[in-house]
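Next come the chains, spelled out residue by residue.
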Amino acid sequence: MPTGPIIEALRREAHVLHQDDRLDRIIDQIGDASIVLLGEATHGTREFYRVRAEICKRLITEKGFDAIAVEADWPDALHVNRFIKTGTDVIGNMHSGDSPRAMRTADEALHGFERFPQWMWRNTEIVELVGWLRQHNMQVADDRDKVGFFGLDLYSLRSSMEAVVRYLSQVDPEAARRARARYACFDHLAEDPQRYGYAASFGMRKDCENEVVRQLVELTQNGAPLFSDSGPDQTDELFHAQQNARVAQNAEAYYRAMFQGRNESWNLRDQHMAETLAALRTHIIDRKGRRPKIAVWAHNSHLGDARATEMGEHGQLNLGQLVREQYGMRDAFLLGFSTHTGTVTAASDWDAPSETKNVRPSHPDSYERVFHDTGLGNFIVPLRDNAELRGLLEEQRLERAIGVIYLPESERVSHYFYASLSRQFDAVIHLDETHAIRPLEKAAAHHEGELPETYPTGI
């Protein structure tokens, strides 16, 4: 389809965002949805973080949202959760009376994010959001109504196993001994789970599937009676430990699947995210006795319905698809983001230092270029309730996805895929020129261009 009719319709129907815009249109479009999925076209764009944070603040204050769940590991995000709720790092020994360690700043609360890519969560925009969440919760009298912050990802094999053992050591030393024995199956390979996955996949060592499953089953079946008459803090800690055991089980499967093909490992990861979101919803229901409301932060590639993309055609699923299938189209709201050009914080290889890179102007055949050509700058594209735009934006076009690795010189191969935008999202926010996120650790190196590479993009 020629782009002319699309551009004309966008000029009529899109809502232009001005500098002081309070995002009322998006809040109205979200309506009564209880799961709001907030995407991003890169893992290192300041404006994507800032707009999502402002949306979350309004969802919390105006619609009573209970939690923010992010594309991060469960143990690392849990430090933030404890800080914004109590100002402490860990719950002290419930039997010995040990005091939890106080945290004074949002920066301290983010100390757990040590694994690459640190800048995704250790950046100035997240510091501001965490500080706001802490201040908000300090004004909330009932602990059950305080907003939480949780991680959905599964890369924390070693730290999740350690957290399970640490928790059980406080409440049931004999159970802790059994957990240590089961997790000892990994030996030193828990420090390098990809090596474990390789060795287990090719028969070079016994896998640990049975051990992590047994541990999760024991903690799930035997944990509830342990705290049947306990208060909400102890119930929360049991839930946190159960989720760490679930991470260990799914991470073990993920690292084995890494060497069996990209689709299987990708699907396991997004199924874990969906499973974690479901567990979190159930926990909130148990605590509050009502329908939970959760905002989710992750990359567009995880949150835009995979069935509308070429990856879905090749056998991949994702969190956005699973949420729509499980909770229905009206109870979930999927918001995508896009940009035409600017700068981004990203790396040139896995575990490489962060850099401030120039984002190339979008491909001529992409949705991003269509949006740029409207001349509107920054705007909201309503899709769910706008039949005209939904029809015009249904035809597949290229869509850009920049992960933690950005390779500008091979961008068409490394960072573009075909998608049907109106089937993928309920709305899209286009921000025409955007800027790199500011990491806390140090200023990222600035590079005008990059040598061509063919490594995965690390989404």
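Details of the structure are given in the entry above.
Not measured: the values here are computed from a predicted model.

**Re the overall build of the protein chain**
Along the protein chain, the regular secondary structure elements total 19 helices and 14 strands. Seen through its C-alpha atoms, the protein chain measures out along the principal axes to roughly 70 × 55 × 40 Å. Split into buried and exposed, the 459 residues of the protein chain put 59% on the buried side. If you sum the accessible surface of the protein chain, you get close to 18700 Å²; carbon and sulfur atoms cover 48% of it. Charged side chains of the protein chain number 53 positive and 70 negative; the gap between the two group centres comes to 3 Å.

**A short note on helix H6 (residues 124-138)**
For an α-helix, 3.6 residues make a turn, and residues three or four places apart therefore share a direction. Here H6 contains 15 residues, and its C-alpha end-to-end distance of 21 Å stays within 8% of the 21 Å for a straight helix at 1.5 Å per residue. Buried within H6 are the following residues: Glu125, Ile126, Leu129, Val130, Leu133, Arg134, His136 and Asn137. Elements in contact with the buried residues of H6: helix H3 (46-63), strand S3 (67-73), helix H4 (74-86), helix H5 (106-109), strand S4 (148-153) and strand S5 (294-297). By the N-cap criterion, in which a side-chain oxygen at the helix start approaches the backbone nitrogen of a residue two or three places on, H6 is capped by Asn123, the distance to Glu125 being 3.0 Å.

**Thoughts on the packing of aromatic side chains**
Each aromatic ring pair is characterised by the separation of its centres together with the angle its planes make. By the definition in use, this model includes 14 aromatic pairs. Its end group placed over the ring of Tyr49, Arg52 keeps NZ or CZ at 4.9 Å from the ring centre. Over the ring of Phe83 we find Arg134; its NZ or CZ atom is 6.0 Å from the centre of that ring.

**Side note on the state of the cysteines**
Tallied over the full model, the rule gives 1 disulfide. Across the disulfide, Cys185 is cross-linked to Cys208 (sulfur-sulfur distance 2.0 Å). Handedness here is read from the sign of the S-S torsion; for Cys185 and Cys208, about -90 degrees, the answer is left-handed. Pair noted here: Cys185 is in the loop between helix H8 (173-183) and helix H9 (193-201) and Cys208 is in the loop between H9 and helix H10 (209-226), with a separation of 23 residues, a long-range link. The pair Cys185 / Cys208 is uniform in exposure class, with both members buried.

**Observations concerning the pairing of S3**
With 7 of its 7 residues buried, S3 lies for the most part within the structure. Note: S3 against S4, 5 bridges, orientation parallel. Bridging across to S4, Asp73 finds its partner in Asp153. As judged from the 4 bridges shared by S3 and S5, these two strands associate in the parallel manner.

**Looking at the pairing of strand S2 (residues 35-38)**
Burial along S2 is two-sided: the face carrying Ile35 and Leu37 and the face carrying Val36 and Leu38 are both buried. Alignment of S2 against S5, held across 4 bridges, turns out to be parallel. Across the sheet, the residue bridging to Ile35 is Ile294, located in S5. Here S2 runs beside strand S6 (residues 332-338); their pairing, made up of 4 bridges, is parallel. Bridge assignment links Leu37 to a residue of S6, and that residue is Leu334.

**Points about the side chain of Ser301**
Along the chain, Ser301 turns up in helix H13 (residues 300-303). If we ignore the near neighbours within four places in the chain, the residues touching Ser301 are Trp266, Asn318 and Ile459.

**Section: unusual backbone geometry**
With glycine set apart, most residues show a phi of negative sign, and most peptide bonds adopt trans. Of the consecutive residues Phe116 and Pro117, the connecting peptide bond is found in the cis state with omega at 0 degrees. As for its placement among the helices and strands, Pro117 is situated in the loop between H5 and H6. Of note, the phi angle at Leu23 is positive, near 65 degrees, even though the residue is not glycine. Topologically, Leu23 is positioned in the loop between strand S1 (15-16) and helix H2 (24-30). In this structure Leu23 comes out as buried when scored by relative accessible area, which is 7%.

**Some points on the sheet that holds S4**
Strand order in the open sheet formed by 8 strands is S1-S9-S12-S6-S2-S5-S3-S4, with mixed pairing between adjacent strands. Looking at which strands have only one partner, the edges of the open sheet turn out to be S1 and S4. Relative to the sheet, H3 contacts S2, S3, S5, S6 and strand S12 (427-430), its axis offset from that of S5 by approximately 175 degrees.

Cut-offs applied
Residues numbered from 1 in each chain as written. Predicted model: local features only at pLDDT ≥ 70, side-chain atom pairs only at ≥ 80, totals over all residues. Heavy atoms only, no water. Helix = DSSP H or I, 4+ residues; strand = E, 2+ residues; numbered from the N terminus. Buried < 20%, exposed > 50% of the residue type's maximum accessible area, 1.4 Å probe, protein only. Areas by Shrake-Rupley, 256 points an atom, 1.4 Å probe, with all protein chains shown as cover. Lys, Arg positive; Asp, Glu negative; His and termini not counted. Charge placed at Lys NZ, Arg CZ, Asp CG, Glu CD. Expected span 1.5 Å × (residues − 1). Contact = heavy atoms within 4.5 Å. Polar contact = N/O pair within 3.5 Å; in protein donor to acceptor, adjacent residues only side chain to side chain. Phe/Tyr/Trp six-rings, centres within 6.5 Å; stacked < 30°, edge-to-face > 60°. Lys NZ or Arg CZ within 6 Å of the ring centre and 35° of its normal. Disulfide = S-S within 2.5 Å. Pairing = 2+ DSSP bridges. Axes fitted to C-alpha atoms, helices over the stretch in contact; angles between N-to-C directions.

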